[in-house]
Amino acid sequence: MSKPNTRRLDKEIRLTERKLEAVRNEEMWPLTSQERRQVMGALVGGSYRTLRSKSTGRAERRLESAWESVQTRLIAELTALRSERQRIVTEAATVKAAKKSSGWW
């Protein structure tokens, strides 16, 4: 039996790792539309408060919370993809071991 085909999962894992790195650099491209709205809302709220020479503490907390939630989502996706890949590899190894042990010669 040949190696298990994990090429598609490996590609998804690499993409999710790139997204996570981009979010850590506070880039907008990996965000969903809802997450973009949250980030933009916090930015607009903070800029309005800055324009009025008022405290931006709440807007900063909202922005920080939005980025953290995106990171949490991507880490969960990455964990799920890696565990699925491991399951496929383990399953293939079990099948291979069963095939080897079933035949005497």
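Residues numbered from 1 in each chain as written. Predicted model: local features only at pLDDT ≥ 70, side-chain atom pairs only at ≥ 80, totals over all residues. Heavy atoms only, no water.

**Quick word on the nonpolar core**
Core analysis: the biggest nonpolar cluster contains 14 residues, and V23, L31, V39, L63, W67, V70 and L74 have the highest contact counts within it. Within the residue set of this core, elements represented by two or more residues are α1 (7–24), α2 (33–51) and α3 (57–102). In this structure V70 touches V23, L31 and E35, once residues within four positions along its chain are discounted. (Core = buried A, V, L, I, M, F, W, Y, C linked by side-chain atoms within 4.5 Å. Buried < 20%, exposed > 50% of the residue type's maximum accessible area, 1.4 Å probe, protein only. Helix = DSSP H or I, 4+ residues; strand = E, 2+ residues; numbered from the N terminus. Contact = heavy atoms within 4.5 Å.)

**Observations concerning the pattern of salt bridges**
Applying the stated rule across the entire model yields six salt bridges. In this structure, the salt-bridge partner of D10 is R85, at a minimum N-O distance of 2.5 Å. Separated by 75 residues along the polypeptide, D10 in helix α1 and R85 in helix α3 bring together distant segments of the chain. Among the salt bridges present, the one from R87 reaches E91, with a minimum N-O distance of 2.9 Å. Taken together, the residues R87 and E91, both in helix α3 and four residues apart, mark about one turn of the helix. (Salt bridge = Lys/Arg side-chain N within 4 Å of Asp/Glu carboxyl O.)

**With respect to the packing of α1 against α3**
The interhelical angle for the contact between α1 and α3, taken along N-to-C directions, is 160°, at an axis separation of 10 Å. Overall, the two elements α1 and α3 adopt an arrangement that is roughly antiparallel. Note that α1 runs across α3; the crossing there is left-handed. Between α1, through L9, D10, E12, I13, T16, E17, K19, L20, V23 and R24, and α3, the contact on the second element is made entirely by W67, V70, Q71, L74, I75, E77, L78, L81, R82, E84, R85 and I88. (Axes fitted to C-alpha atoms, helices over the stretch in contact; angles between N-to-C directions. Parallel < 35°, antiparallel > 145°, perpendicular 65-115°, else oblique. Left-handed = near helix turned anticlockwise from the far one by under 90°.)

**Considerations on α1**
For α1, with 18 residues, the first-to-last C-alpha span of 26 Å sits near the 26 Å given by 1.5 Å per residue. Within the sequence span of α1, burial applies to L9, I13, T16, L20, A22 and V23. For α1, the elements touching its buried residues are α3. One or two steps after α1, the chain reaches E26, where phi turns positive at roughly 60°. (Expected span 1.5 Å × (residues − 1).)

**Quick word on the side chain of T56**
With respect to the helices and strands, T56 occurs in the loop between α2 and α3. The buried category is assigned to T56, whose relative accessible area is 18%. With sequence-adjacent residues up to four places away left out, T56 is seen in contact with G46, R49 and T50.

**Describing the packing of α2 against α3**
The contact between α2 and α3 brings their axes to 8 Å, and the two run at 160°. The orientation of α2 relative to α3 falls into the category roughly antiparallel. α3 is crossed by α2, and the crossing has left-handed handedness. Facing α2, whose interface residues are E35, Q38, V39, G41, A42, L43, G45 and G46, α3 presents A59, R62, L63, A66, W67, S69, V70 and R73.

**Describing α2**
Here α2 spans 26 Å end to end across 19 residues, near enough to the 27 Å set by a 1.5 Å rise per residue. Listed as buried for α2 are E35, V39, A42 and G46. Viewed end-on, α2 has its buried residues packed into an arc of 60°, placing them on one side of the element. In α2, the exposed residues that point more than 90 degrees away from the buried face are R37, V44 and L51. (Arc of directions from axis to C-beta.)

Note that all results are geometric; they support no functional claim without further evidence.
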